[in-house]
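Analysis of the macromolecular model
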Amino acid sequence: MTTISADAAKTQLDWKRILFILIGLSLFAIVNFSPAWPDAVDPTGKRFILSAQGKGALAIFLLAGTWWVFEVVPIGVTSLALGALQVLFTVRTAKEALKDFMTPSVLFIFGSLVIGMVFTKTGLTKRLAYKMLAVVGEKTSMIYLGCFVVTSALTHIMAHTAVAATMFPLLMTIYAMYTDEPGPTKFGKGLFMGMAFVAGAGSIVTLLGAARGAVAIGFFKDIVGRDVSFFEITYYMFPVGWVMTFILWGFFMVLFKPEKKTIPGIKEKAKSLEKAMGGITKQEILAGTIIFLAIGIMSVKQFIPAISSLDKNAIMLVATVLFFIFNILDIKDLETIPWNIILLFGGAMSIGFCLWETGAAEWLAINWLTMFQNANYFVFILSIAFFVMMMTNFIMNVAAIAISLPVALVIAPYLNVAPEVILFASLVAAGMPFLLLVGAAPNAIAYDSKQFTTGEFFMYGIPASVILMVIIALSIFLWKIMGMPITTV
């Protein structure tokens, strides 16, 4: 009887999977083969035609969203489908569509995952975990808070992708001390999903947390003609990033309240386990030196003209090569890298560039923002933030900024909206994609814990995104108090 019930459940699950496969394919077919769509028109009267390739990009975009959310096939396989569809339906050439699977950004994520592996293999992760537990104690609420605060703080000085890759094995060590039962738990969901969300919140505070800030400032200078300094970013972003960090702690304490209030004896156990590890080894020192040199160079290079031209992706890959040269890692470690995650971001880059190069993204942005060209300034600012937030969940946040910011800055003068508030609201929204794994590398890294599904991430990301929009709305008033111009009249 039990066997029959299990088989029936499996059959039902298969039908559900087939349904969402067909929904994705249907959305693709309806959009791709539909008649030409109307042009987008900006406030100056300039027309933007949606080409057949642009329409095809939107069709693939919808299929990607459906398959990624409902995980009808492994998320990396969905990415492969996106590349294949671009080529088969002549949206882009094979060279254009498939080269994006190994862009510098994807290789940076690869290098970040390798750093996480090094922390685990050398034992540095366990040392850090034991020290943290000795400080935060036995309460699971404080373990949540300690992990979130450390994650957020680290993103002020290094890329949030590298932070997530570093924190992931540490959280795995902590979680192993919470339970040895198989399967996900509320504490596990909150710990890993929370790390991903908080990595985004912390990364908005400085320009070191992610590339999106530097890109946005570049657009801002080109269009507005004014520089925004490193410290100006931090001045306005610090309260927003840390308020979101603590709100997210409360959010996960409510939705994923740990099954255990405390982990009895964990503080003493952590101390004894750290003592049992003995003194720090030569391999740990060597690995730590390589890691912190790489992170240090990436963090300070923009302040030192002599090394400012060094590419962060190359720095990360040099560190990766050094791990193998010094036998910290070997071929077996290379084979354990989560290629599903690498492929996921390869596909995200491919569809992002596809939307950008075919003009589909610009067509979307203009259609959306011109709907609010006669709106109140406050509504217009929030409409920009909402668009950026949604786009950054599907494509890389750098592309989301590149697509929406120029359009928004053109429309802003018609509504007497100051360009500064548009820049900062966009950066806040771009930093926190809470709906899809492809929105940010920390989301996908956290997914590798197997504590939550893509559907769960999406569902819990909805209320988190609502909270984010409320915080952006309140931030507009806070920034005004802090001296930021909000309107031009």
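Presented here is an overview of the structure given in this document. Not measured: the values here are computed from a predicted model.

Moving on, we come to the overall build of the chain. When helices and strands are counted, the chain shows 22 helices and 2 strands. A compact globule built from 489 residues should have a C-alpha radius of gyration of about 23 Å, and the chain, at 23 Å, falls within 12% of that. Each principal axis of the C-alpha atoms in the chain carries an extent, and together these give about 70 × 65 × 45 Å. For the chain, restricting intrachain contacts to residue pairs at least 6 apart in sequence, the fraction spanning at least 24 positions comes to 80%. Surface summary for the chain: the accessible area is close to 20,600 Å², and the carbon and sulfur share equals 70%. The centroid of the 32 positive side-chain charges in the chain is displaced by 5 Å from the centroid of its 26 negative side-chain charges.

Okay, the nonpolar core next. A general feature of soluble globular proteins is that nonpolar side chains tend to end up buried together. Of all hydrophobic cores here, the largest spans 171 residues; its most connected members are Phe-197, Phe-323, Ile-422 and Trp-479. Among the elements that take part in this core, helix α8 (residues 160-178) stands out by supplying 12 residues, more than any other. Filtering out sequence-adjacent residues up to four positions away, Phe-197 remains in contact with Leu-248, Phe-251, Phe-252, Phe-434, Phe-457, Gly-461 and Ala-464.

Moving on, we get to the packing of aromatic side chains. The full count for this structure, using the stated rule, is 29 aromatic pairs. Against the face of Tyr-178 rests Lys-260, its NZ or CZ located 4.9 Å from the ring centre. Its end group placed over the ring of Phe-108, Lys-312 keeps NZ or CZ at 4.7 Å from the ring centre.

For the α-helix, the turn length of 3.6 residues means that residues three or four positions removed from each other point alike. Given a rise of 1.5 Å per residue, 13 residues ought to cover 18 Å, and the 19 Å separating the end C-alpha atoms of helix α20 (residues 419-431) matches this to within 8%. The element α20 is extensively covered by neighbouring structure, given that 13 of its 13 residues are classed as buried.

Take the packing of helix α2 (residues 52-70) against helix α3 (residues 75-88) next. Orientation of α2 relative to α3, taken along the N-to-C sense of each, is 165 degrees, at an axis distance of 10 Å. By the angle between their axes, α2 is roughly antiparallel relative to α3. Between α2 and α3 lies a crossing whose hand is right-handed. When α2 is examined against α3, the residues Ile-60, Leu-63, Ala-64, Trp-67 and Trp-68 are found in contact with a partner set consisting of Ile-75, Thr-78, Ser-79, Ala-81, Leu-82, Leu-85 and Gln-86. Here the residues of the contact of α2 with α3 are counted per class, giving 9 nonpolar, 3 polar and no charged.

Okay, the pattern of salt bridges next. The tally for this structure, following the rule as stated, stands at 12 salt bridges. Between Asp-39 and Arg-47 there is a salt bridge whose closest N-O contact spans 3.3 Å. Asp-39 gets classed as partly exposed once you look at its relative accessible area, which sits at 28%. By relative accessible area, which is 54% here, Arg-47 ends up exposed. What you see here is one network of salt bridges that share partners, running through Arg-92, Lys-99, Asp-100 and Glu-357.

Scoring rules and cut-offs
Residues numbered from 1 in each chain as written. Predicted model: local features only at pLDDT ≥ 70, side-chain atom pairs only at ≥ 80, totals over all residues. Heavy atoms only, no water. Helix = DSSP H or I, 4+ residues; strand = E, 2+ residues; numbered from the N terminus. Rg over C-alpha atoms; globule rule 2.2 N^0.38 Å. Contact = heavy atoms within 4.5 Å. Areas by Shrake-Rupley, 256 points an atom, 1.4 Å probe, with all protein chains shown as cover. Lys, Arg positive; Asp, Glu negative; His and termini not counted. Charge placed at Lys NZ, Arg CZ, Asp CG, Glu CD. Core = buried A, V, L, I, M, F, W, Y, C linked by side-chain atoms within 4.5 Å. Buried < 20%, exposed > 50% of the residue type's maximum accessible area, 1.4 Å probe, protein only. Phe/Tyr/Trp six-rings, centres within 6.5 Å; stacked < 30°, edge-to-face > 60°. Lys NZ or Arg CZ within 6 Å of the ring centre and 35° of its normal. Expected span 1.5 Å × (residues − 1). Axes fitted to C-alpha atoms, helices over the stretch in contact; angles between N-to-C directions. Parallel < 35°, antiparallel > 145°, perpendicular 65-115°, else oblique. Left-handed = near helix turned anticlockwise from the far one by under 90°. Nonpolar A, V, L, I, M, F, W, Y, C, P; charged D, E, K, R; others polar. Salt bridge = Lys/Arg side-chain N within 4 Å of Asp/Glu carboxyl O.

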